[in-house]
Amino acid sequence: KISGLKTSMAEGERKTALEMVQAAGTDRHCVTFVLHEEDHTLGNSLRYMIMKNPEVEFCGYTTTHPSESKINLRIQTRGALPAVEPFQRGLSELMNVCQHVLDKFEASIKDYKEQKATRNESTF
């Protein structure tokens, strides 16, 4: 069973950015997500965030080939938790971490520019 979850526009055509692949006869607790146009940057970060969930038994990713920009992210959960939930939670938590880093970075740049302006005013 394969289902596309999100599409993006590229070169005038619709491309699926995310697929959920589930082998026949398996349950919803063991799923492979195919993320197109992604690489180790997202794969390793997302794997780390998902593995922090104690209900996740396994999470790993592979790149299909060095010349292809897609990763296969496999999630296997314990109990009744479907694999989609830790995937969505991991994405959300990763976005929160990235936003926090961006906010701190922008605040530091602002502080630096203010300090630089203050130093320049005091030298004259």
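Residues numbered from 1 in each chain as written. Predicted model: local features only at pLDDT ≥ 70, side-chain atom pairs only at ≥ 80, totals over all residues. Heavy atoms only, no water.

- The protein is annotated in an unreviewed UniProt entry as DNA-directed RNA polymerases I and III subunit RPAC2 of Chinchilla lanigera.
- According to its UniProt record, the protein has this under Subcellular location (unreviewed entry): "Nucleus". (UniProt positions renumbered as here; feature names shortened; annotations may be inferred.)

Considering the overall build of the protein
Okay, so step 1: The number of helices and strands found in the protein is two helices and five strands.
Okay, so step 2: Counting the 124 residues in the protein, one finds 26% classified as buried.
Okay, so step 3: Surface exposure of the protein reaches about 8800 Å², of which carbon and sulfur atoms provide 53%. (Helix = DSSP H or I, 4+ residues; strand = E, 2+ residues; numbered from the N terminus. Buried < 20%, exposed > 50% of the residue type's maximum accessible area, 1.4 Å probe, protein only. Areas by Shrake-Rupley, 256 points an atom, 1.4 Å probe, with all protein chains shown as cover.)

Re the environment of Gly79
Okay, so step 1: Tracing the backbone through its elements, the reader meets Gly79 in the loop between strand S5 (70-77) and helix H2 (84-123).
Okay, so step 2: According to the relative accessible area criterion, Gly79 is exposed, its value standing at 60%.
Okay, so step 3: Distance from Gly79 to Glu57, taken between C-alpha atoms, is 9.7 Å for residues 22 residues apart in sequence.

Digging into the nonpolar core
Okay, so step 1: Counting 17 residues, the largest nonpolar core has Phe33, Leu35, Leu46, Ile50, Leu73, Ile75 and Phe87 as its most contacted members.
Okay, so step 2: With four residues, helix H1 (residues 40-51) is the largest single contributor of residues to this core. (Core = buried A, V, L, I, M, F, W, Y, C linked by side-chain atoms within 4.5 Å.)

Examining the environment of Glu38
Okay, so step 1: Of note, Glu38 is situated in the loop between strand S3 (30-36) and H1.
Okay, so step 2: Of the residues examined, Glu38 reaches a relative accessible area of 30% and is grouped as partly exposed.

Section: the side chain of Thr32
Okay, so step 1: Looking at the element boundaries, Thr32 is found in strand S3.
Okay, so step 2: Side-chain polar atoms of Thr32 contact the side chain of Arg74, separated by 2.7 Å.
Okay, so step 3: When neighbours within four sequence positions are excluded, Thr32 is seen to be in contact with Glu19, Met20, Val21, Asn72, Leu73 and Arg74. (Polar contact = N/O pair within 3.5 Å; in protein donor to acceptor, adjacent residues only side chain to side chain. Contact = heavy atoms within 4.5 Å.)

Digging into the confidence of the model for the protein
Okay, so step 1: Per-residue confidence for the protein averages 87 on the pLDDT scale, and 85% of its residues sit at or above 70.
Okay, so step 2: The low-confidence segment residues 6-10 (pLDDT under 50) makes 14 contacts with residues lying over four places distant or belonging to another chain. (pLDDT = per-residue confidence, 0-100.)

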